[in-house]
Amino acid sequence: MQNLKLKYGDKAVVTGGSSGIGKAFALELAKQGIAPILVARNKENLRAIAKEISAQYQIEAQTFSVDLSDEKATLDFLDEIDKQEIGMLIHSAGMENNGSFTKISEAKELQMIKLNVTSTYLLTNHFAKKMSAAQKGGILLVSSLVGLMPSPYFSNYAATKAYVHQLALSLYPELKLNNVDISVLAPGLTDTNMVANNGVDWSKIPMTSMQPSEAAQIALNNIGKKATIIPGFMNKMMVMMAKRVFSMKSFSLLNGFLLRKAISNNKL
Ligand SMILES: NC(=O)c1ccc[n+]([C@@H]2O[C@H](COP(=O)([O-])OP(=O)(O)OC[C@H]3O[C@@H](n4cnc5c(N)ncnc54)[C@H](OP(=O)(O)O)[C@@H]3O)[C@@H](O)[C@H]2O)c1
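Bear in mind the structure is a predicted one, so any value in this text is a computation, not a measurement. (Residues numbered from 1 in each chain as written. Predicted model: local features only at pLDDT ≥ 70, side-chain atom pairs only at ≥ 80, totals over all residues. Heavy atoms only, no water.)

1. Side note on the overall build of the protein chain
Okay, so step 1: Helix and strand content of the protein chain: 10 helices and 7 strands.
Okay, so step 2: Here the protein chain has a C-alpha radius of gyration of 18 Å; the compact-globule value for 268 residues is 18 Å, and the two agree.
Okay, so step 3: Within the span of the protein chain, comprising 268 residues, buried residues form 54% of the whole.
Okay, so step 4: A fraction of 72% describes how many contacts in the protein chain between residues 6 or more apart in sequence connect residues 24 or more apart.
Okay, so step 5: Here the protein chain displays about 12,700 Å² of accessible surface, and carbon together with sulfur accounts for 54% of that area.
Okay, so step 6: Counting 29 positive and 21 negative side-chain charges, the protein chain places the averaged centre of each group 7 Å from the other. (Helix = DSSP H or I, 4+ residues; strand = E, 2+ residues; numbered from the N terminus. Rg over C-alpha atoms; globule rule 2.2 N^0.38 Å. Buried < 20%, exposed > 50% of the residue type's maximum accessible area, 1.4 Å probe, protein only. Contact = heavy atoms within 4.5 Å. Areas by Shrake-Rupley, 256 points an atom, 1.4 Å probe, with all protein chains shown as cover. Lys, Arg positive; Asp, Glu negative; His and termini not counted. Charge placed at Lys NZ, Arg CZ, Asp CG, Glu CD.)

Here it is as structure tokens:
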């Protein structure tokens, strides 16, 4: 494990830190003596995680209830924490949406763009500037395997995650010149609330699921070393197949065939 405290300092913003992969990041950072600043909407969940962190690691986690799909609320939050010295940003908050593109709720799709894309831009822009001025820092964005491959019935979600991936990859050399690391985690199926409640029968897809703690540990081990972090052998194979074995069009057709069988009929 890298010594992240030595590399980036003792405070990290962790969005989505109340659940799933974000919570796993928060616990792992606290274990290393880094105080997480947890950001999500649900206050009770945030308080519960902060309490767990304090009891387990004697680290005080700050909590901020912010709707990151709201641009003004996001900017207000960044203003509020501006005076603090923060060496890491882990942006794990995100939402997913699936179903036939022509039937899916437009309001939910637009909210997803605001959360997955706009908040990623705002947070990355803010911390890239601050960290570049300090000549020190680490940013970890959370994309998804679907951001690296065509994913029918998850079309808009996949497109938002492709944005996250491209932003991090493109910034990688720019920020390195300022001694700032940026990496992007592209998890495959991970055992969290997001996939437990999304109306997809994942047993019909040839994918194995990973625990969030494993994905978080792999990401923290590789931040700043790799630009794209794909956790797990099967996930790496999947990307290899999509990019090297099939043409993008054939992979899209194959993936569409598989996903159509897994998604609830009422969403098709
Ligand atoms: N699970 C997977 O299989 C998988 C695979 C690939 C990529 N990912 C990505 O991994 C990231 C974490 O997802 P997860 O699987 O850990 O899901 P999760 O357990 O549902 O966690 C999502 C987190 O985001 C927060 N969040 C959601 N909407 C928000 C909003 N509008 N403003 C602020 N916070 C918000 C949630 O808290 P509140 O609801 O309280 O706001 C929660 O803390 C996401 O970016 C997701 O796209 C997940």
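2. As for the UniProt feature "domain: Ketoreductase" (unreviewed entry) in the protein chain
Okay, so step 1: Following the UniProt record, the feature "domain: Ketoreductase" (unreviewed entry) maps to residues 10-183 here.
Okay, so step 2: Helix makes up 51% of residues 10-183 and strand 17%, and the two end C-alpha atoms of the span are 19 Å apart. (UniProt positions renumbered as here; feature names shortened; annotations may be inferred.)

3. What about the pattern of salt bridges?
Okay, so step 1: Summed over the entire model, instances satisfying the criterion amount to 6 salt bridges.
Okay, so step 2: Between Lys72 and Asp76 there is a salt bridge, with its nearest N and O atoms 2.7 Å apart. Within this pair, Lys72 and its partner Asp76 are both found in helix α4 (residues 71-80), separated by 4 residues, close to a single helical turn.
Okay, so step 3: Judged by its relative accessible area of 56%, Lys72 falls in the exposed class.
Okay, so step 4: Residue classification places Asp76 among the partly exposed residues on the basis of a relative accessible area of 37%.
Okay, so step 5: The partner of Asp181 in a salt bridge is Lys176, with the nearest N and O atoms 2.7 Å apart.
Okay, so step 6: The exposure class of Asp181 is buried, given its relative accessible area of 10%. (Salt bridge = Lys/Arg side-chain N within 4 Å of Asp/Glu carboxyl O.)

4. With respect to the environment of Ser132
Okay, so step 1: Within the secondary structure layout, Ser132 lies in helix α5 (residues 106-134).
Okay, so step 2: Assessed through its relative accessible area of 15%, Ser132 is described here as buried.
Okay, so step 3: In this structure, Ser132 is in contact with Phe127, Leu175, Asn178 and Val180, ignoring residues within four places of it in sequence.
Okay, so step 4: At a separation of 2.6 Å, a polar atom in the side chain of Ser132 contacts the main-chain carbonyl oxygen of Ala128. (Polar contact = N/O pair within 3.5 Å; in protein donor to acceptor, adjacent residues only side chain to side chain.)

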